[in-house]
Amino acid sequence: GETHFPHLNISVWPRAGDALAWANVGLDGEPNPRSLHEGKPPLDSEKIAVNVWVASEPLSAARGALDRAVRT
């Protein structure tokens, strides 16, 4: 199943061994709406997804820190 980016009107089809990566925030740290995506179900095989979070500065697990890091 492809990864579809509705705001960009593109879909990326997977190939064995490939990885797809993108920044979900702009240089200002604000969410990039163009990164909105959906994973379509595979047609005839298994799909494995891995989320990797990369930060420009250390993230503390102190009270309230995760509230600033996660936006829903």
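Structural data are supplied above this passage.
Quick caveat: nothing in here was measured; it's all calculated off a predicted structure. Every chain is numbered independently, its residues counted from 1 as its sequence is written. Confidence filtering applies because this is a predicted model: local features only for residues at pLDDT of at least 70, side-chain atom pairs given and counted only at 80 or more, and all residues used for totals across whole chains, interfaces and linings. The side-chain quantities take in all heavy atoms of the structure and omit both hydrogens and water.

(A) Molecular detail of the side chain of His4. Per the convention used, a helix needs a DSSP run of H or I reaching at least four residues, while a strand needs a run of E reaching at least two, with both numbered from the N terminus. Here His4 shows up in strand β1 (residues 3-5). Throughout, exposure labels follow a simple rule: accessible area from a 1.4 Å probe, protein chains only, divided by the maximum for the residue type, with under 20% read as buried, over 50% as exposed, and the rest as partly exposed. Judged by its relative accessible area of 16%, His4 is buried. There is a polar contact of 3.2 Å between the side chain of His4 and the backbone oxygen of Ile10. Apart from the residues within four sequence positions on either side, His4 is in contact with Asn9, Ile10, Ser11, Leu36, His37, Glu38 and Lys40. Any pair of N or O atoms that falls within 3.5 Å is considered a polar contact. Within protein, one atom must be able to donate a hydrogen and the other to accept it, and sequence-neighbouring residues count only if both atoms are side-chain atoms. Any pair of residues with heavy atoms lying within 4.5 Å of one another is described as a contacting pair.

(B) Up close: a nonpolar patch on the surface. The patch calculation keeps residues exceeding 30% relative accessible area without a salt bridge and links them within 9 Å when they carry like charges or within 5 Å when they are nonpolar (Val, Leu, Ile, Met, Phe, Trp, Tyr). Note on areas: Shrake-Rupley, 1.4 Å probe, and residue coverage restricted to the protein chains presented here. The salt bridge criterion pairs a side-chain nitrogen of Lys or Arg with a carboxyl oxygen of Asp or Glu, the two atoms within 4 Å. On the surface, a nonpolar cluster with roughly 390 Å² of combined accessible area is contributed by Leu8, Ile10, Val12, Leu20 and Trp22. By the secondary structure assignment, Leu20 is in the loop between β2 (10-12) and β3 (38-39). Of the residues examined, Leu20 reaches a relative accessible area of 42% and is grouped as partly exposed.

Structural measurements only, silent on function.
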